[in-house]
Amino acid sequence: MRKTKFVAIVLLLALFIPFLQGCGPKATGENGQGKEPEKPTEIHIGVYEPMTGASASGGQMTWEGIQLANEMHPEVLGQTVRLHLEDNKTDKTEAANAVTRLIDQKNVVAIIGSYGSSLSIAGGEVAKNKEIPVVGCSPTNPLVTQDNPYYFRVCFIDPFQGKVMAKYASENLNAKTAVIIRNVQDDYAVGLANYFKEAFIQLTGDDKCVLAELEYNTGDQDFTAQLTQTASLAPDVVFAPGNYGDSALMIRQARSLKITAPFLGGDTWEAPEFIEIGGVDVEGATLSTHYSVQATGTDASKAFVDAYKAKYNKEPNAFAALGYDAYLMILDAIKRANSAEPAAIRDALAGTKDFKGVTGTITMDENRDANKSAVILQVKDGAFQYLTTVEPF
Amino acid sequence: MSRHLKRDLVILVCVALVVAWANGDLKDLLGIPGWQSYAVRIINMCAINAVLALSLNLVNGFTGQFSLGHAGFMALGAYTTALLTMDMAAKDRVFFMTPLVEPLRNLTLPFLPALVLAGIVAGLFSLLVGVPALRLRGDYLGIATLGFAEIIRLIIQNVRKVTNGALGLKGIPPVVNLWWTLGSAFVCYLMLRNFLASSYGRAFKSIRENETAAQAMGIDLFKHKLLSFFISSFWAGVGGGLLASLLTTIDPVQFKFPLTFQVLLTVVLGGMGSLSGSIIAAGIVTYLMEFLRVVEETHYWGSITIPGIPGLRMVIFSLALVVVVVWYPKGLMGDRELTVAGIKGVLGRVRQRLRIKGGRPA
């Protein structure tokens with residue numbers, strides 16, 4: 001009995017082997033000069049996003065935006081665009097595997113992704129070797145596009161976001177001093193805090209305007225130590241970039257410790273959970289982000305908002321809008337290049353100028369980063385309210 | 001004996017030829033293209049996971065010490081390899097916020113010494129934790145080693161001058177190919193197999209079976225546990241180094257506890273105390289996770305579109321695990337090994353049974 005089971009298992013596993021071998025050569029053939037020239041009716045675009053794991057909510061929102069864009073614009077150059085989604089499980093190894101699979105087995109000509117800068121860096125290395133262009137939706141770390149001529153993005157980068165908040169603090173709030181509380185485990189928070197500090201020192205002209213840089217770790221529940229120190233320093237503002245859950249909890253505790261200074265943060269705060277957790281205490285919290293429904297003026301963005309509400313029955317947030325823009329920017333590049341060859345798409349993407357996206361007008365700079373405006377939101381009456389738009393400076 | 005040696009050599013040469021083919025080395029010589037990079041990547045991951053599973057099996061399966069610190073040692077190996085192989089220009093680009101400390105900034109080594117050093121660094125740290133922690137037994141040792149791995153990760157996260165903190169590293173030279181990964185797995189397997197056949201290996205197993213009895217037989221428990229821990233961590237470091245070079249980018253978040261758990265899962269699936277089981281399980285787990293992507297993908301069949309369900313492969317994978325645990329509580333191989341003689345025996349018995357069945361009606 002044991003033996004038959006063993007044989008059964010071995011046979012079952014043996015069944016899997018032909019799949020790998022069968023997939024291999026066949027797909028290579030297609031990738032070469034086999035089928036592609038004969039049947040140019042479809043263009044394949046890959047998507048790799050964290051659909052499961054720690055960043056799942058971000059990946060899913062982005063995917064919604066991409067899907068919507070594909071439904072509204074399913075064709076380019078008279079060919080149908082096919083989307084292929086691979087989950088990267090919020091894991092670097094999986095991200096690299098996913099991109100390899102998209103390129104080798106799905107024959108994609110361009111890729112969209114990924115939420116999370118470290119995932120994008122891992123995937124980008126593969127795409128660079130394979131010379132397939134990638135458009136990132138929301139990876140804001142400067143390292144993502146560095147040394148990678150095949151990686152582009154539709155979002156602004158952390159240095160700009162840091163500068164925007166520093167400018168807002170010093171010009172709109174007249175702040176002279178600040179305390180930074182950041183999550184040391186989060187590359188995004190560390191980067192943003194660093195750029196905020198640089199810009200704030202420059203704007204105030206005072207080397208000591210940042211009174212303290214305090215740190216915490218992901219999953220911390222108690223911020224009393226950092227907040228007591230903050231209270232004793234009495235800064236004009238507190239800059240606390242981090243994930244929405246941790247930050248909301250921190251602001252609640254700050255208010256109970258009678259800290260009245262306004263809290264400033266970045267685009268990761270923009271989640272309904274931020275207000276759910278924070279309640280009345282996060283009223284007045286201010287953040288910079290990519291996009292706001294209330295700020296939109298162009299026809300394209302109105303069409304997007306209406307279509308999104310009709311399809312998903314909720315308000316679109318920045319990540320969905322960025323996914324939408326990434327898809328349309330690739331389509332725009334294919335149109336301008338008049339070709340669906342990866343090399344031609346890459347060159348066209350690099351030349352993107354004044355692309356009218358939902359999240360703003362996008363121009364690619366020499367580092368393949370988007371040069372575009374940021375939006376400042378504030379929590380008011382239990383909702384994110386649009387305050388102002390900051391143009392690149 | 002000489003007959004076996006000849007047989008082993010023939011097998012080795014055949015395998016080497018296939019690896020050369022897969023790796024694309026025959027392209028220039030004979031014009032035969034290498035395998036698809038996706039297949040090569042999966043084989044690379046299989047080999048790296050095999051190294052990790054083998055090394056964890058030495059401590060958990062053969063010596064019977066419940067260690068959960070693998071991710072920490074991998075992180076040490078990965079960072080050592082990365083910092084030693086990146087050139088100065090690449091380091092300067094990555095460390096744009098806090099510059100790298102001086103001796104490390106200028107230091108660039110070839111891959112092999114860097115990889116060996118990665119193993120040694122991980123091994124030395126294992127002694128550091130092993131000396132106090134190996135006095136503990138069972139669950140307590142597990143908790144202590146788990147804590148140690150987290151400490152390593154937190155240190156990496158905070159010592160920005162050396163590790164670039166949460167921003168991680170990018171642009172690690174992609175030296176690793178099939179020769180490196182399969183070669184490391186092969187050397188690791190050979191070393192552990194021969195080691196386990198030696199008196200040390202027998203001492204390890206006796207410690208696993210009964211510590212008190214082993215001690216009564218004159219085995220120095222502490223020395224042997226520490227040795228087992230050192231070798232295990234050495235290979236964990238090498239595995240981490242290989243992973244770093246394969247991905248060309250690492251960050252501290254990668255080396256959280258779930259990574260240890262993934263390796264432990266492979267070990268348990270293959271069988272605690274079976275080297276070949278670990279290798280087989282590493283292959284199955286790695287391949288299955290990629291193969292199951294089929295169920296998550298959208299399929300376009302002409303005008304028909306079948307949407308995929310993200311996350312479904314984890315469900316199927318867990319179900320497969322449940323099946324294995326129910327049928328094979330000791331893992332696929334238990335504590336047995338897969339040998340040429342064993343395969344011949346099974347085939348012979350199958351043939352015999354078929355002959356009997358075929359013979360009966362006549």
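Everything quoted here is computed from the prediction, not taken from an experiment. (Residues numbered from 1 in each chain as written. Chains lettered and ligands numbered in written order. Predicted model: local features only at pLDDT ≥ 70, side-chain atom pairs only at ≥ 80, totals over all residues. Heavy atoms only, no water.)

Looking at the overall build of chain B
Line of reasoning, step 1. Helix and strand counts for chain B stand at 17 helices and 4 strands.
Line of reasoning, step 2. For chain B, the C-alpha radius of gyration of 23 Å lies close to 21 Å, the compact-globule estimate for 362 residues.
Line of reasoning, step 3. Surface accessibility of chain B: about 17,000 Å² in total, with carbon and sulfur atoms responsible for 71%.
Line of reasoning, step 4. Distance from the positive charge centre (32 side chains) to the negative charge centre (17 side chains) of chain B: 9 Å. (Helix = DSSP H or I, 4+ residues; strand = E, 2+ residues; numbered from the N terminus. Rg over C-alpha atoms; globule rule 2.2 N^0.38 Å. Areas by Shrake-Rupley, 256 points an atom, 1.4 Å probe, with all protein chains shown as cover. Lys, Arg positive; Asp, Glu negative; His and termini not counted. Charge placed at Lys NZ, Arg CZ, Asp CG, Glu CD.)

Concerning the nonpolar core
Line of reasoning, step 1. Counting residues in each nonpolar core, the largest one holds 84 residues, and the members touching the most others are Tyr48(A), Ile111(A), Phe73(B), Leu169(B), Ile250(B) and Phe255(B).
Line of reasoning, step 2. The biggest single contributor to this core is helix H13 (residues 221-247) of chain B, with 12 residues.
Line of reasoning, step 3. Contact partners of Ile250(B), with chain neighbours within four places excluded, come to Lys92(A), Ala78(B), Tyr79(B), Ala82(B), Gly168(B), Leu169(B), Ile172(B), Ala244(B) and Phe255(B).
Line of reasoning, step 4. Judged by nonpolar contacts, the second largest core, of 47 residues, contains Leu85(A), Val109(A), Cys155(A) and Ala333(A). (Core = buried A, V, L, I, M, F, W, Y, C linked by side-chain atoms within 4.5 Å. Buried < 20%, exposed > 50% of the residue type's maximum accessible area, 1.4 Å probe, protein only. Contact = heavy atoms within 4.5 Å.)

Considering the domain arrangement of chain A
All names here are of chain A.
Line of reasoning, step 1. What the domain assignment reports for chain A is domain 1 (42-156 + 297-372) and domain 2 (159-289).
Line of reasoning, step 2. For domain 1 versus domain 2, the separation of C-alpha centres amounts to 30 Å.
Line of reasoning, step 3. Listed as interface residues are 11 residues of domain 1 and, on the opposing side, 10 residues of domain 2.
Line of reasoning, step 4. Carbon and sulfur atoms supply 57% of the area buried between domain 1 and domain 2, which totals about 820 Å² over both sides.
Line of reasoning, step 5. In this assembly, domain 1 and domain 2 are joined by 0 salt bridges. (Domains from an automatic or database assignment. Buried area = accessible area lost by both parts, 1.4 Å probe. Salt bridge = Lys/Arg side-chain N within 4 Å of Asp/Glu carboxyl O.)

A few points about the environment of Tyr188(A)
All names here are of chain A.
Line of reasoning, step 1. For Tyr188, the location among the structural elements is in helix H6 (residues 187-204).
Line of reasoning, step 2. Along the chain, Tyr188 and Ala96 lie 92 residues apart, while their C-alpha atoms are 20 Å from each other.
Line of reasoning, step 3. Once you skip the residues sitting within four places of it in the chain, Tyr188 turns out to touch Thr140, Asp158, Gln161, Gly242, Gly266, Asp267 and Thr268.
Line of reasoning, step 4. Only 3.4 Å separates the side chain of Tyr188 from the side chain of Thr268, close enough to count as a polar contact. (Polar contact = N/O pair within 3.5 Å; in protein donor to acceptor, adjacent residues only side chain to side chain.)

A short note on unusual backbone geometry
Residues and elements named next belong to chain A.
Line of reasoning, step 1. The peptide bond linking Gly113 to Ser114 adopts the cis configuration, its omega dihedral lying at 0 degrees.
Line of reasoning, step 2. Within the secondary structure layout, Ser114 lies in the loop between strand S4 (110-112) and helix H4 (117-130).
Line of reasoning, step 3. The backbone phi angle of Glu131 is positive, close to 60 degrees, even though this residue is not glycine.
Line of reasoning, step 4. Looking at the secondary structure, you find Glu131 in the loop between H4 and strand S5 (134-136).
Line of reasoning, step 5. If you check the backbone angles, Asn174 has positive phi at about 55 degrees while not being a glycine.
Line of reasoning, step 6. Checked against the element boundaries, Asn174 lands in the loop between helix H5 (158-172) and strand S7 (178-183).
Line of reasoning, step 7. Under the relative-accessibility criterion, Asn174 is labelled exposed at 54%.

Some thoughts on the interface of chain A and chain B
When the parts come together, some accessible area is lost, and that loss is often what is quoted as the size of the interface.
Line of reasoning, step 1. The interface is formed by 57 residues belonging to chain A together with 51 residues belonging to chain B.
Line of reasoning, step 2. Taking both sides of the interface into account, the surface hidden between chain A and chain B amounts to around 5,000 Å²; carbon and sulfur atoms contribute 56%.
Line of reasoning, step 3. Area buried by chain A at its contact with chain B is led by Lys92(A), Arg101(A) and Gln185(A), which between them contribute 12% of it.
Line of reasoning, step 4. If you look at where chain A meets chain B, you find 8 salt bridges.
Line of reasoning, step 5. Note that Lys106(A) is salt-bridged to Glu297(B), the shortest N-O span being 3.0 Å.
Line of reasoning, step 6. Our enumeration of links across chain A and chain B arrives at 25 residue pairs in polar contact (both at pLDDT 80 or more).
Line of reasoning, step 7. If you list the elements that add at least two residues to the side of chain A that touches chain B, you get helix H1 (2-31), strand S3 (79-87), helix H3 (92-105), H4 and H6 of chain A.
Line of reasoning, step 8. Among the elements that make up the side of chain A that touches chain B, the one with the highest residue count is H1(A) (13 residues).
Line of reasoning, step 9. Split into classes, the residues belonging to the side of chain A that touches chain B amount to 21 nonpolar, 17 polar and 19 charged. (Nonpolar A, V, L, I, M, F, W, Y, C, P; charged D, E, K, R; others polar.)

Brief notes about the pattern of salt bridges
In a structure, side chains of opposite charge can pair up when their charged atoms sit close to one another.
Line of reasoning, step 1. Summed over the entire model, instances satisfying the criterion amount to 32 salt bridges over all chains.
Line of reasoning, step 2. Close ionic contact of Glu86(A) with Arg293(B) constitutes a salt bridge, the shortest N to O distance being 3.1 Å. Placement of the pair is Glu86(A) in strand S3 and Arg293(B) in the loop between helix H15 (275-291) and strand S3 (299-301), with the two residues belonging to separate chains. Here the two residues Glu86(A) and Arg293(B) agree in accessibility, since each one is buried.
Line of reasoning, step 3. A salt bridge links Glu94(A) to Lys89(A); the shortest N-O distance between them is 3.7 Å.
Line of reasoning, step 4. Residue Lys89(A) is classed as partly exposed on the basis of its relative accessible area of 23%.

A closer look at the packing of aromatic side chains
Line of reasoning, step 1. Taken as a whole and judged by the stated rule, the model has 20 aromatic pairs over all chains.
Line of reasoning, step 2. Measuring from ring centre to ring centre gives 5.1 Å for Tyr115(A) and Phe319(A), while their planes differ by 75 degrees; the resulting arrangement is edge-to-face. In this pair, Tyr115(A) sits in the loop between S4 and H4 while Phe319(A) sits in helix H11 (residues 318-337), placing the two residues 204 residues apart along the sequence. Pair check on accessibility: Tyr115(A) and Phe319(A) agree, each one buried.
Line of reasoning, step 3. Ring plane angle 85 degrees and centroid distance 4.9 Å describe the contact between Phe111(B) and Trp180(B), whose orientation is recorded as edge-to-face. One end of the pair, Phe111(B), is in helix H7 (residues 111-133); the other, Trp180(B), is in helix H10 (residues 178-197), and 69 residues separate them in sequence.
Line of reasoning, step 4. On the accessibility criterion, Trp180(B) (25% relative accessible area) is partly exposed.
Line of reasoning, step 5. Through successive ring pairs, a cluster of aromatic residues spans Tyr291(A), Phe304(A), Tyr308(A), Tyr312(A) and Tyr324(A).
Line of reasoning, step 6. Over the ring of Tyr150(A) we find Arg346(A); its NZ or CZ atom is 5.8 Å from the centre of that ring. (Phe/Tyr/Trp six-rings, centres within 6.5 Å; stacked < 30°, edge-to-face > 60°. Lys NZ or Arg CZ within 6 Å of the ring centre and 35° of its normal.)

Concerning the state of the cysteines
Line of reasoning, step 1. If you walk through the whole model with that rule in mind, you get 0 disulfides over all chains.
Line of reasoning, step 2. The thiol of Cys188(B) is not disulfide-bonded; the next cysteine sulfur, from Cys46(B), is found 15 Å away. (Disulfide = S-S within 2.5 Å.)

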